[in-house]
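Chain residues, written in single-letter form:
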Amino acid sequence: MENSQFPKDGIVLGIYTMDVGTGELKLLYSDPNASCYEARPLHARLVPPVIADNPSTRDSNFTGTFYAQSVFHTQESRTKELGKLLRVVEGLPQVTRHATHTIPNELAWKNHGGAFGRDLGILPLASDGSFAVDVPADRFISLQVLDTDRNVVGNQLIWMNVRPNEIKGCIGCHEPADTAIPPKPSQALRAPRPTLLPTASPLTFQAKAWFKGHL
């Protein structure tokens, strides 16, 4: 930018405040040896809340909530036609990142680039395709829609998470991007929410892609 010692049209380059109503500028700072750039708008804001020092007053909830208005609002025909159940999968940190196929008594599938999957449970979808479920907070979570034989007919290919007491929702499962459905109370949100937490003997499995290029 132009040096402020040589103003153009009588304007010194520097830091100004501007009255957005009148356009009037007020010079706050100018350095003849440096240019000022990347102006930012300033405005008054509320003082951030102060977290109480007493631990007993802080939220210690272990779970958050995921919900969908209807998994039937989707581009996937099998999900719409056959979906009856919802499986919730938790992705766990994995200490062992590599094991060859030749080490005796080792699990070859450890040689992959994803998380260690733990099945938290399966619950029925409401008749309108909605669900609402409380899950462990601050964990990788992925969802699958199943048919009555527990075959996967809708599979989420990313991980998501919630903070304690946070609620996240969507209108469908891979819904058409150019459509929306009218907001209305879903059956699942009107009913008590189930809570799916780890059990003593969960189903565990490979939960992401192998480095070899297949699932």
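A few points on the structure. Everything numeric here is computed off the predicted structure, so don't read it as measured data.

Digging into the overall build of the protein chain
When its secondary structure is counted, the protein chain shows two helices and 10 strands. In the protein chain, the succession of helices and strands from N to C terminus is β-β-β-α-β-β-β-β-β-β-α-β. Counting every position in the protein chain, which comprises 215 residues, the buried fraction comes to 30%. Contacts in the protein chain between residues at least 24 apart in sequence constitute 73% of all its contacts with a sequence separation of at least 6. By element, 57% of the accessible surface of the protein chain is carried by carbon and sulfur atoms, the whole surface being about 14,700 Å².

Let's talk about the nonpolar core
By size, the foremost hydrophobic cluster in this structure holds 18 residues, and its most contacted members are Leu86, Val88, Phe131, Val133, Val135, Ile141 and Leu143. Residue contacts for Val135: discarding those within four places in its chain leaves Phe62, Thr63, Gly64, Phe66, Val88, Ile141, Val162 and Leu196.

Focus: the environment of Phe205
One can find Phe205 in strand S10 (residues 204-206). Judged by its relative accessible area of 25%, Phe205 falls in the partly exposed class. Here the alpha-carbon distance between Phe205 and Phe116, two residues 89 residues apart in the chain, equals 6.4 Å.

Regarding the pairing of strand S3 (residues 63-68)
The side chains of a regular strand alternate between the sheet's two faces. Along S3, five of the six residues are buried, which leaves the element largely enclosed by surrounding structure. Taken together, the six bridges between S3 and strand S6 (residues 131-136) define a ladder with antiparallel strand orientation. By the bridge assignment, Phe66 is partnered in S6 with Val133. In this sheet, strand S9 (residues 167-170) lies alongside S3 in parallel orientation, the contact comprising four bridges. Opposite Phe66, over in S9, you have Lys168 as the bridge partner.

Criteria and cut-off values
- Residues numbered from 1 in each chain as written.
- Predicted model: local features only at pLDDT ≥ 70, side-chain atom pairs only at ≥ 80, totals over all residues.
- Heavy atoms only, no water.
- Helix = DSSP H or I, 4+ residues; strand = E, 2+ residues; numbered from the N terminus.
- Buried < 20%, exposed > 50% of the residue type's maximum accessible area, 1.4 Å probe, protein only.
- Contact = heavy atoms within 4.5 Å.
- Areas by Shrake-Rupley, 256 points an atom, 1.4 Å probe, with all protein chains shown as cover.
- Core = buried A, V, L, I, M, F, W, Y, C linked by side-chain atoms within 4.5 Å.
- Pairing = 2+ DSSP bridges.

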